[in-house]
Amino acid sequence: MGSELRVPFDRTRNHPAALTTSKFGISKMELLKACVSREWLLMKRNSFVYIFKIVQLIILGTIAMTVFLRTEMHRNSVEDGVIYMGAMFLGLVTHLFNAFAELAMSIAKLPIFYKQRDLLFYPSWAYGLPTWLLKIPISFLECAVWICMTYYVIGFDPNIERFFRHYLLLVLISQMASGLFRVLAALGRDMVVADTFGSFAQLVLLVLGGFLIARDNIKAWWIWGYWCSPLMYAQNAIAVNEFLGHSWRVVDPTDSNDTLGVQVLKSRGIFVDPNWYWIGVGALLGYIMLFNVLFIVFLDLLDPLGKGQNVVSEEELMEKHVNRTGENVELLLLGNDSENSPSNGGEITGADTRERGMALPFTPLSITFDNIRYSVDMPQEMKDKGITEDRLVLLKGVSGAFRPGVLTALMGVSGAGKTTLMDVLAGRKTGGYIEGDINISGYPKNQETFARIAGYCEQNDIHSPHVTVYESLVYSAWLRLSPDVDSEARQMFVEQVMELVELTSLRGALVGLPGVNGLSTEQRKRLTIAVELVANPSIIFMDEPTSGLDARAAAIVMRAVRNTVDTGRTVVCTIHQPSIDIFEAFDELFLMKRGGEEIYVGPLGHNSCHLIDYFEGIQGVKKIKDGYNPATWMLEVTTLAQEDALGLNFAEVYMNSDLYRRNKALISELSTPPPGSTDLYFSKQYAQSFFTQCVACLWKQHKSYWRNPSYTATRIFFTTVIALIFGTIFLNLGQKVGKRQDLFNSLGSMYAAVIFIGIQNGQCVQPIVDVERTVFYREKAAGMYSALPYAFAQVFIEIPHVFLQTIIYGLIVYSLIGLDWAFMKFFWYMFFMFFTFLYFTFYGMMAVAMTPNSDIAAIVATAFYAVWNIFAGFLVPRSRIPIWWRWYSWACPVAWTLYGLVASQYGDIADVRLEDGEQVNAFIHRFFGFRHDYVGFMAVGVVGFTVLFAFVFAFSIKVLNFQRR
């Protein structure tokens with residue numbers, strides 16, 4: 001046999017279909033067709049993005065053509081040419097920024113690509129080429145919209161050839177930018193990393209593009225950046241195309257014999273050779289090819305970034321060790337006897353908590369509800385199908401009672417109204433119409449007081465990701481326990497709750513983001529229960545505490561639930577298809593059918609005997625098989641199909657049963673207040689004072705920010721690098737004020753810093769606020785605090801971080817650029833930069849607070865950034881803005897910042913004259929409209945914008961609720 005196996009198999013004897021002979025299943029052309037088809041389908045389904053981008057271009061185009069209107073645009077001097085340069089630069093920058101959406105869209109598709117690439121669905125080039133080629137018509141369309149709206153209205157050279165040349169350049173810059181951001185997506189592979197890369201790329205493109213700083217003023221060590229910037233080629237080509245045209249061939253004999261167009265080009269350091277148009281086109285085509293080839297190369301060579309790890313407790317590590325090595329180590333789960341472990345027979349029993357006692361007493365309370373009806377406005381889709389009713393009824397007169405020390409399962413098929421009933425009882429519904437009576441130990445339920453004695457464990461396990469398990473519990477106890485409880489008792493109670501739900505070994509673990517890092521799903525479930533338990537509630541609602549868990553994890557969670565019930569609390573759980581062990585852990589069952597009606601409300605009994613007896617007593621219902629799960633059997637025999645087959649309605653059967661009459665008697669009994677009892681009363685809505693709420697919220701935000709280096713450290717790193725780039729690019733240019741171009745260079749450095757770091761601040765804060773807002777909805781509904789302390793903490797925690805950012809940026813840039821070290825000038829520079837970074841950050845927060853999620857917030861915010869860019873006072877000075885738009889320059893916060901920065905630095909220089917003899921302060925006043933004695937008003941303005949955005953953020957958080965239940 002050995003000698004036979006040594007002889008290689010003769011493949012010619014094989015059947016042709018037995019082995020694969022190619023790496024991919026179909027030909028290269030078919031692969032390309034399939035990928036093109038898939039990409040086209042994705043683009044159609046994502047059409048909102050492309051439509052929105054075109055609408056945004058139409059809005060910006062309308063603003064641009066009315067700001068740079070041809071009746072206001074003259075061709076009399078070099079200064080007029082500078083305004084035209086601003087209009088052209090705006091067109092280039094608009095298409096550059098418009099491609100930024102490519103970054104997020106490319107990263108969103110990468111996980112699928114990596115999976116399919118590794119499974120040999122297709123090669124990287126087959127994926128990359130359609131992504132590039134199908135975007136080309138989009139670029140042509142977007143640029144056509146822009147140029148048709150703006151070219152002739154602004155008053156560029158009317159020659160039709162120059163019109164199409166201008167159009168071609170815009171298409172090329174759009175394609176180049178798309179390619180660049182796709183490369184950065186493939187290289188970064190993560191949104192935070194790629195976003196930072198993207199911002200650096202835009203920064204270098206813009207600053208070294210030849211507009212913000214003239215070529216003649218760029219230092220020798222940065223000139224390579226000028227020659228490498230694609231925007232430089234576009235800027236030179238578009239300027240040459242315009243200023244060498246017929247409209248600019250006016251000769252100004254007093255200055256030189258050059259035409260006005262050539263003078264404009266020379267004043268801005270642009271090449272005057274007409275061949276530079278074709279050099280620019282060629283360079284842009286080269287960059288488009290380079291970026292798209294690199295995109296395919298990076299897709300082929302790079303693998304996805306590693307995923308974060310879940311926290312593993314000591315017990316899990318021990319168990320894994322035992323399973324791996326087979327050592328006989330007894331597994332004791334956190335103080336529980338080994339017979340309570342789910343691995344031993346699977347029976348779920350609680351620890352003896354009654355004997356152990358809890359540090360804080362509570363009052364056991366029952367909750368009864370009678371004839372509860374819940375309805376919502378009829379959806380328009382159903383009205384379109386011919387339904388005439390105004391309301392859709394989701395709960396049809398359900399009644400029941402939940403008692404202390406009794407664990408009740410709320411069950412039913414999907415759509416039966418389990419979670420709806422729980423939300424109605426807990427007061428978590430944000431809309432709809434509720435009818436019926438709800439009583440707490442005999443007294444009518446008042447939601448404000450009820451929130452103080454009830455806990456609600458949501459299915460989604462929403463927690464702040466950057467605090468530890470222990471800190472989450474301390475925070476919840478701090479805000480929800482009565483002020484009478486001193487810190488020592490509170491501490492002891494938190495420790496007891498951690499032991500009760502078996503979290504002691506995880507006390508120092510960070511919570512993390514679900515499915516990304518931090519706690520596992522089962523650990524998060526237990527944390528959710530613990531966060532509610534530390535409020536010392538009498539009634540606890542749990543929405544599907546075992547969903548998404550394996551059998552072992554579900555058993556651990558249910559043991560924590562059982563332990564909670566054994567302390568004498570009233571606990572109600574919605575649960576979906578539990579195992580036999582989990583089902584047997586419940587004492588009573590509230591079973592509902594589709595349509596919101598109850599069909600069984602009563603005890604389960606040992607091995608679910610009462611439930612089985614009830615349904616088997618109904619004629620025609622099939623008997624349960626031995627060993628079959630009662631929960632599964634119960635749902636199977638009560639379906640609508642079974643009702644039709646048996647010719648009965650289980651809700652009516654229940655209504656006519658003794659069980660229903662017993663429940664009604666119990667509801668009547670529990671709805672009468674016990675003798676000597678009093679209604680729930682609290683002197684104020686929240687457990688803690690407004691000041692304590694503010695302190696607690698600020699404490700948690702501090703912990704969250706300190707442990708989130710991907711936000712805080714990245715921002716400082718980004719700021720430091722930008723400061724060094726700006727400082728070395730504009731090195732020692734601050735003292736040079738002998739020429740107009742020197743002043744333009746200085747203003748360019750200030751404008752670029754404000755726009756770049758400001759927008760980066762606004763963009764980075766949005767995902768942070770979006771995550772925390774979700775936590776805020778849960779905590780506010782739980783009665784932990786009002787909206788204002790949360791908003792206060794979110795606003796105030798940014799101040800020290802932005803202050804540090806300003807100090808780092810200000811010291812580096814101020815010293816390297818060489819601005820005047822006079823105390824007041826330095827103070828005003830730092831003052832304006834600090835409040836500018838702050839109002840951009842608050843603006844980003846405000847955009848999130850006013851929109852449903854951070855994606856929409858980013859789109860809305862970006863639209864305003866583009867408008868602020870036009871009216872900032874750099875592309876077109878305030879004095880040159882048409883009178884019908886000048887009001888908006890006062891409503892643009894960036895314009896106030898630039899006014900303050902330029903006027904404080906240069907507005908008082910009267911002893912230096914420019915090349916034509918005009919004083920610096922006179923030129924600043926005449927050209928930009930800036931006066932030094934107005935700096936104080938500008939300071940008040942930027943503080944006002946900061947306060948305004950913070951106030952609108954707080955107001956929106958308080959008034960708007962995008963959570964729909």
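Residues numbered from 1 in each chain as written. Predicted model: local features only at pLDDT ≥ 70, side-chain atom pairs only at ≥ 80, totals over all residues. Heavy atoms only, no water.

1. Observations concerning the overall build of the chain
The test is simple: Labels follow the DSSP assignment, with helices taken as runs of H or I lasting at least four residues and strands as runs of E lasting at least two, numbered in each case from the N terminus. Exposure classes here rest on a 1.4 Å probe applied to the protein chains alone. A residue is buried below 20% of its type maximum, exposed above 50%, and partly exposed in between. Should any heavy atoms of two residues lie within 4.5 Å, those residues are considered in contact. Charged residues are defined narrowly, with Lys and Arg counted positive, Asp and Glu counted negative, and His plus the chain ends left uncounted. By convention, the point assigned to a charge is CZ for Arg, NZ for Lys, CD for Glu and CG for Asp.
Per the secondary structure count, the chain includes 39 helices and 10 strands. C-alpha extents for the chain along the principal axes are approximately 110 × 90 × 65 Å. Across the 965 residues in the chain, those meeting the buried criterion constitute 56%. Sequence-distant contacts in the chain: of pairs separated by 6 or more residues, those separated by 24 or more amount to 79%. The averaged location of the 87 negative side-chain charges in the chain is 6 Å from the averaged location of its 80 positive side-chain charges.

2. Details of the packing of helix α29 (residues 690-706) against helix α32 (residues 787-796)
To be explicit about the condition: Angular values range over 0 to 180 degrees, each being the angle between N-to-C directions of two axes fitted as lines to C-alpha atoms, with helices fitted over their stretch in contact. Under this scheme an angle from 65 to 115 degrees is roughly perpendicular, one under 35 degrees roughly parallel, and one over 145 degrees roughly antiparallel; angles in between are oblique. By convention the crossing between two helices is left-handed if the near helix lies anticlockwise of the far one by an angle smaller than a right angle, and right-handed if it lies clockwise. The nonpolar class holds Ala, Val, Leu, Ile, Met, Phe, Trp, Tyr, Cys and Pro. Asp, Glu, Lys and Arg form the charged class, and all remaining residues, Gly among them, are polar.
As a packed pair, α29 and α32 sit with axes 8 Å apart at the nearest point and diverge in direction by 40°. In terms of their interaxial angle, α29 and α32 are classed as oblique. Remark: the crossing between α29 and α32 carries right-handed chirality. Contacts from Phe690, Gln693, Cys694, Cys697, Leu698, Gln701 and Tyr705 in α29 reach Leu788, Pro789, Tyr790, Phe792, Ala793, Gln794 and Phe796 in α32. A breakdown of the residues in the contact of α29 with α32 according to their chemical character gives 11 nonpolar, 3 polar and no charged.

3. Quick notes on the packing of aromatic side chains
Threshold: Any two of the Phe, Tyr and Trp rings considered here, Trp counted by its six-membered ring, make a pair once their centres fall within 6.5 Å; the pair's planes then place it as stacked at under 30 degrees, edge-to-face at over 60, or tilted in between. Criterion for a charge above a ring: Lys NZ or Arg CZ within 6 Å of the ring centre, and within 35 degrees of the ring normal.
Counted by the stated rule, this structure contains 87 aromatic pairs. Ring centres of Phe211 and Phe874 lie 5.7 Å apart, and the angle between their planes is 80°; on these two criteria the pair is classed as edge-to-face. In this pair, Phe211 is assigned in the loop between α9 (191-207) and α10 (223-228) and Phe874 in the loop between α35 (854-871) and α36 (886-891), connecting sequence segments 663 residues apart. For Phe211, a relative accessible area of 2% gives the class buried. For the pair Tyr233 and Tyr287, a centre-to-centre distance of 6.4 Å together with 50° between the ring planes defines the contact as tilted. Placement of the pair is Tyr233 in helix α11 (residues 230-243) and Tyr287 in helix α13 (residues 276-301), with a sequence separation of 54 residues. We classify Tyr287 as buried; its relative accessible area is 16%. Linked through ring pairs, Tyr839, Phe840, Tyr843, Phe864, Tyr865, Trp868, Trp890, Trp896, Phe945 and Phe949 together constitute an aromatic cluster. Here the basic side chain of Arg391 rests over the ring of Tyr433, its NZ or CZ set 3.6 Å away from the ring centre. Above the ring of Phe450, the side-chain terminus of Lys445 is found at 4.9 Å from the ring centroid.

4. A word on the domain arrangement of the chain
Here is the rule: Domain start and stop points were drawn from an automatic or database domain assignment.
Each domain of the chain was delimited in the assignment, giving domain 1 (49-301), domain 2 (367-453 + 537-670) and domain 3 (690-959). Taken over C-alpha atoms, the centre of domain 2 sits 54 Å from the centre of domain 3.

5. Topic: the pairing of strand β9 (residues 588-593)
Note the following rule: For two strands to be treated as a pair, DSSP must find at least two bridges joining them.
Where burial is concerned, most of β9 is hidden: 6 out of the 6 residues are buried. Neither face of β9 is open: one carries Glu588, Phe590 and Met592, the other Leu589, Leu591 and Lys593, and all of them are buried. As judged from the 6 bridges shared by β9 and strand β10 (residues 597-603), these two strands associate in the antiparallel manner. Considered in β10, the bridge of Leu591 is made with Tyr600. The turn linking β9 back onto β10 is made up of 3 residues, and Gly595 within it adopts a positive phi angle of 110°.

6. Comments concerning the side chain of Ser229
Note on placement: Ser229 falls in the loop between α10 and α11. For Ser229, a relative accessible area of 2% puts it in the buried group.

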